[in-house]
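Below are the chains, spelled out letter by letter.
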Amino acid sequence: MPEDREPAAVAAPLTAPEFDVLMAAVGPFEARPRIAVAVSGGSDSMALALLLRNWAEPRGGEIIALTVDHGLRPESAAEARKVGGWLAARSIRHRVLRWSGPRPESGVQAAARSARYRLLGAWCHRHGVLHLAVAHQLEDQAETLLLRLARGSGLEGLAAMAAVSETEAVRLIRPLLSVDRARLRATLTAWGQPWIEDPTNRDETYLRTRLRQLLPSLAPAGLSPARLAATARQL
């Protein structure tokens, strides 16, 4: 006879009161907060954009969604337009920032990440926006810890990503570091909001992708994404 098993838990959408707590932890904000949010169109950033809009509107604030088109894939421009359409339907302002100039022959992912933050920060600085929200979540934090462990980082590196980082151009906030992707996707599903699956997230050329694929096999040994993220937070 097959062994009886408990049904798998279904992720619950993130509630407004829960998100209020997350935002309070990365505050303070001005009386009428203006927040830019980096939106690639993936589930994490789409969920953050919608959660932020619902948080900002009752406070008399607004959010502006920024999509960086690196031009590394033929379909990236069309995806940026699709994201803009989704956000317009939710009454969220949207701007596309394009990475121009020569591309490096190696280290393209690192160069693209650097260009992304440079473009986002410069836009915020030009438009007087003090806060830039990015959608790194619990699994991202766990992957970052493993990535830095593999590279022999010290304690500061193993602390992974900070919830708040002050940069020269903008105040960078990551309110979702304690929230897993399943809950963010459940949130979007509850709102009837689709998202884009980025094929580069499955590209095993990148070490982060290979570490992401390892996470399910580490969980039975006690190294779940939640435990790894908690370790980074303690560090």
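Sequence order as written defines residue numbering, which begins from 1 separately in each chain. This being a predicted model, a pLDDT of at least 70 is required before a residue's local features are given, and a value of 80 or more before pairs of side-chain atoms are given or counted; all residues contribute to the totals for chains, interfaces and linings. The basis for the side-chain values is all heavy atoms of the structure; hydrogens and waters are excluded.

Attention shifts here to helix H5 (residues 138–150). The end-to-end C-alpha distance of H5, which contains 13 residues, comes to 19 Å, matching closely the 18 Å that a straight helix rising 1.5 Å per residue would cover. We call a residue buried when its accessible area falls under 20% of the maximum for its residue type, exposed when it is over 50%, and partly exposed in between, using a 1.4 Å probe and counting protein chains only. Starting at the N terminus, helices and strands are each numbered in turn, a helix being any DSSP run of H or I of at least four residues and a strand any DSSP run of E of at least two. In terms of residue burial, H5 counts as a mostly covered element, since ten of its 13 residues are buried. All buried positions along H5 are accounted for by Leu 138, Glu 139, Asp 140, Gln 141, Ala 142, Glu 143, Thr 144, Leu 145, Leu 146 and Leu 147. Here, two residues are considered to be in contact whenever any of their heavy atoms come within 4.5 Å of each other. On the buried face of H5, the contacting elements are helix H2 (43–56), helix H6 (155–158), helix H7 (181–191), helix H8 (207–218) and helix H9 (225–234). Two residues or fewer after H5 comes Gly 152, characterised by a positive phi angle close to 75°. The length a helix should cover is 1.5 Å for every residue beyond the first.

This brings us to the sheet that holds strand E6 (residues 171–173). When DSSP finds two or more bridges between a pair of strands, those strands are recorded as paired. Ordered in space as E3-E2-E1-E4-E6-E5, the six strands form an open sheet in which the pairing is mixed. One side of each edge strand has no neighbouring strand; the edge strands of this open sheet are strand E3 (93–98) and strand E5 (164–166). Adjacent strand axes in the sheet meet at a mean angle of 25° when their direction is disregarded. Relative to E6, strand E4 (residues 131–133) runs parallel, the two being bridged by three bridges. Bridging across to E6, His 131 finds its partner in Arg 171. Lines are fitted to the C-alpha atoms to define the axes, a helix being fitted only along its stretch in contact, and any angle between axes, read from their N-to-C directions, falls within 0 to 180 degrees.

So, on to the nonpolar core. Judged by nonpolar contacts, the single largest core of 31 residues is most densely connected at Phe 19, Val 37, Leu 52 and Leu 176. Among the elements of the structure, helix H1 (16–25), strand E1 (34–38), H2, strand E2 (62–69), helix H3 (76–89) and H7 are those that each provide at least two residues to this core. Looking at which element gives the most residues to this core, the answer is H2, with nine residues. Contacts of Phe 19, omitting those with residues within four sequence positions, involve Leu 14, Leu 48, Leu 51, Leu 52, Trp 55 and Leu 176. Ranked by size, the runner-up nonpolar core spans 14 residues in total, among them Leu 120, Val 129, Val 170 and Leu 172. The criterion is simple. A nonpolar core is a set of buried Ala, Val, Leu, Ile, Met, Phe, Trp, Tyr and Cys residues joined through side-chain atoms within 4.5 Å.

The working definition used for a salt bridge is a side-chain nitrogen of Lys or Arg within 4 Å of a carboxyl oxygen of Asp or Glu. Using the criterion set out here, one finds twelve salt bridges in the structure. Among the salt bridges present, the one from Arg 212 reaches Glu 143, with a minimum N-O distance of 2.9 Å. In this pair, Arg 212 sits in helix H8 while Glu 143 sits in helix H5, placing the two residues 69 residues apart along the sequence. Under the relative-accessibility criterion, Glu 143 is labelled buried at 1%. A salt bridge links Arg 171 to Glu 166; the nearest nitrogen and oxygen atoms lie 3.3 Å apart.

Moving on, we come to the environment of Ala 186. Inspection of the secondary structure assignment puts Ala 186 in helix H7. Taking the C-alpha atoms as reference points, Ala 186 and Ala 11, separated by 175 residues in sequence, lie 6.2 Å from one another. When residues no more than four places from it in sequence are discounted, the contact partners of Ala 186 are Ala 11, Ala 12 and Pro 13.

Before going further, it helps to spend a moment on the pairing of E2. Sheet faces and side chains relate simply in a regular strand, where the side chains alternate between the two faces. Counting buried positions along E2 yields seven of eight residues, so the element is predominantly enclosed. Two elements, E1 and E2, share five bridges in a ladder whose sense is parallel. Its bridge partner lying in E2, Ile 35 is registered against Ile 63. The crossover handedness rule: strands pointing away from the viewer, path from first strand over the helix to second strand clockwise, crossover right-handed. In this fold, E1 hands off to H2, which returns the chain to E2; that crossover is right-handed.

This part covers the packing of aromatic side chains. For Phe, Tyr and Trp, rings pair up if their centres lie within 6.5 Å, where Trp contributes its six-membered ring, and each pair is then called stacked (planes under 30 degrees apart), edge-to-face (over 60) or tilted (otherwise). On inspection of all chains with the given rule, the structure shows one aromatic pair. Judged by centre distance (5.2 Å) and plane angle (65°), the rings of Phe 29 and Trp 55 are edge-to-face. You can see Phe 29 sitting in the loop between H1 and E1 and its partner Trp 55 sitting in helix H2, a full 26 residues away along the chain. Accessibility expressed as a relative area gives 6% for Trp 55, which makes it buried. Here Arg 116 stacks its cationic end above the ring of Tyr 117, 5.4 Å away from the centre of that ring. Sitting over the ring of Phe 29, Arg 171 keeps its end group 5.7 Å from the ring centre. By the criterion adopted, a ring carries a charge over it if an Arg CZ or a Lys NZ lies within 6 Å of its centre and within 35 degrees of its normal.

Worth remembering: the numbers are spatial, not functional.
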